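Listed here are the chains, written in short residue letters.
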Amino acid sequence: LGTLIGFMISEGQLAKAEDYLGKIPTDSPQRGTAELKIGQALWAAYIRGMQQAREQEESATSAGTDPGVAKQQSAARREELKVVKNRAEKTLAEGVQRMENSGKIDPVLTSAVLSLASVWIDINQPVKSVTLLENPKIGLLKLVADNHESINRKGFREDVFKTALRAYISSLSVKEADAKLSIQKASEMMERLKQTMGTSPAGQKALIAVYVSLAKELEQQINLAPDETRDALIQGFKTFLDQVGAGSNELNVLYWVASTYGSMAESNPQSKSAGENYKRAITTYQS
């Protein structure tokens, strides 16, 4: 069944993969691993679906389609994707919990923890993401600090620091969060990213690439956020960017701040704050 699930995921037949998952007993050692693989596949399908939905909306607008019809079609598609998102979160959370209980820490688990942390960030539950990343048993920040064998693969440390940075910045949009502590921890993640990449020309180039991809992920996060939480999320990003931009003269950091302001503006060009974000991006690029 585990092998069949792998085939179904490769073929994009996620419903069949979930059917096979249901046939694996909940007390089987294979159950947790299968849940993690399916959960990651569902989340990837959701991200692709949301990107396609946005592209279709833009195409419909350009083609002059009736706005009411286009909006109705978009809403229906987003509802379908919402179901996929919920299944991804549920499956990943169950798999991570099962693997944590088993005490087995391997690359499948650490990849799934990273995916689940990203899911919680993208559905505006950054505090859950922070708690998971800081978990004393399976938290990726602890495993990286311990140089655990399960995280020793190319690019994984950078992904951990990048996801943690997003989680800490995103938590600034939550009223109950400690803003000062979140900013401090986010700054620490930026420093750890810098140390991981090194000071060589190649390392500096790689660091800029990470910052650019991070800016794009933040843009995607804003796009995925519900209307009622989007403004708070953008304000949280601004709080961190203003502090980082004002306190740094490093090219890499300023480049990231400018890129992120640009991405925030592009994520919602019709909003009142878009013009302000573009101006901040320009000013920072000039600096």
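Computed from a prediction, not measured in an experiment: that's the story for all the values here.

A. Structural view of the packing of helix α5 (residues 107-122) against helix α6 (residues 126-133). With their axes 7 Å apart at the nearest point, α5 and α6 run at an angle of 160° to one another. Relative to α6, the element α5 is oriented roughly antiparallel. Here α5 and α6 pass one another in a crossing that is left-handed. From α5, Val-113, Leu-116, Ala-117, Trp-120 and Ile-121 reach across to α6, where they touch Pro-126, Lys-128, Ser-129, Leu-132 and Leu-133. Looking at the contact of α5 with α6 residue by residue, the classes come out as 8 nonpolar, 1 polar and 1 charged.

B. The arrangement of the environment of Gln-220 in detail. Along the chain, Gln-220 turns up in helix α10 (residues 201-224). Given a relative accessible area of 18%, Gln-220 falls into the buried group. Residues contacting Gln-220, with those up to four places away along its chain left out, are Ile-47, Gln-51 and Asp-122.

C. Representation of the nonpolar core. Leu-165, Phe-240 and Trp-256 are the most contacted members of the largest nonpolar core, which has 78 residues in total. Considering every element that reaches this core, the biggest residue donor is helix α3 (residues 29-62), with 11 residues. Among all residues touching Trp-256, those that are not within four sequence positions of it are Ile-169, Met-190, Tyr-211, Leu-214, Ala-215, Leu-218, Phe-240 and Leu-241.

D. The arrangement of unusual backbone geometry in detail. Of note, the phi angle at Asn-124 is positive, near 65°, even though the residue is not glycine. In this structure, Asn-124 sits in the loop between α5 and α6. Positive phi, normally seen in glycine, also occurs at Asn-147, with a value near 55°. On the secondary structure map, Asn-147 appears in the loop between α7 (140-145) and α8 (156-170).

E. Quick look at the side chain of Gln-221. Relative to the elements of secondary structure, Gln-221 occurs in helix α10. We classify Gln-221 as buried; its relative accessible area is 1%. Only 3.1 Å separates the side chain of Gln-221 from the side chain of Arg-166, close enough to count as a polar contact. Setting aside chain neighbours within four positions, we find Gln-221 in contact with Ile-121, Asp-122, Arg-166, Ser-170, Leu-233 and Phe-237.

F. Looking closely at the pattern of salt bridges. This structure, assessed with the given rule, holds 16 salt bridges. A salt bridge links Lys-238 to Glu-276, with the shortest nitrogen-to-oxygen separation between them at 3.7 Å. Of this pair, Lys-238 sits in helix α11 (residues 227-246) while Glu-276 sits in helix α13 (residues 274-286), and the two are 38 residues apart along the sequence. Residues joined by salt bridges that share partners form a network here, namely Asp-122, Asp-159, Lys-162, Arg-166 and Glu-217.

Calculation notes
- Along each chain, residues carry numbers from 1 onward, in the same order as the chain's sequence is written.
- Confidence filtering applies because this is a predicted model: local features only for residues at pLDDT of at least 70, side-chain atom pairs given and counted only at 80 or more, and all residues used for totals across whole chains, interfaces and linings.
- Excluded from the side-chain calculation are hydrogens and water; included are all heavy atoms of the structure.
- Between N-to-C directions, angles cover 0 to 180 degrees, with each direction set by a line fitted to C-alpha atoms, over the stretch in contact for helices.
- To qualify as a helix, a DSSP run of H or I must reach at least 4 residues; to qualify as a strand, a run of E must reach at least 2; elements of each kind are numbered from the N terminus.
- Should an angle fall under 35 degrees it is called roughly parallel, over 145 degrees roughly antiparallel, and 65 to 115 degrees roughly perpendicular, with every other angle called oblique.
- In this scheme the crossing of two helices becomes right-handed for a clockwise turn of the near helix relative to the far one and left-handed for an anticlockwise turn of less than a right angle.
- Any pair of residues with heavy atoms lying within 4.5 Å of one another is described as a contacting pair.
- When residue character is reported, Ala, Val, Leu, Ile, Met, Phe, Trp, Tyr, Cys and Pro are called nonpolar, Asp, Glu, Lys and Arg charged, and the others, Gly included, polar.
- For every residue, the accessible area obtained with a 1.4 Å probe (protein chains only) is divided by the maximum for its type, and the residue is called buried under 20%, exposed over 50%, and partly exposed between those limits.
- We call a set of buried residues a nonpolar core when its members are Ala, Val, Leu, Ile, Met, Phe, Trp, Tyr or Cys and they connect through side-chain atoms within 4.5 Å of each other.
- Polar contacts, as used here, are pairs of N or O atoms within 3.5 Å; protein pairs need one atom able to donate a hydrogen and one able to accept it. Residues neighboring in sequence count only if both atoms are side-chain atoms.
- Any Lys or Arg side-chain nitrogen found within 4 Å of a carboxyl oxygen on Asp or Glu counts as a salt bridge.

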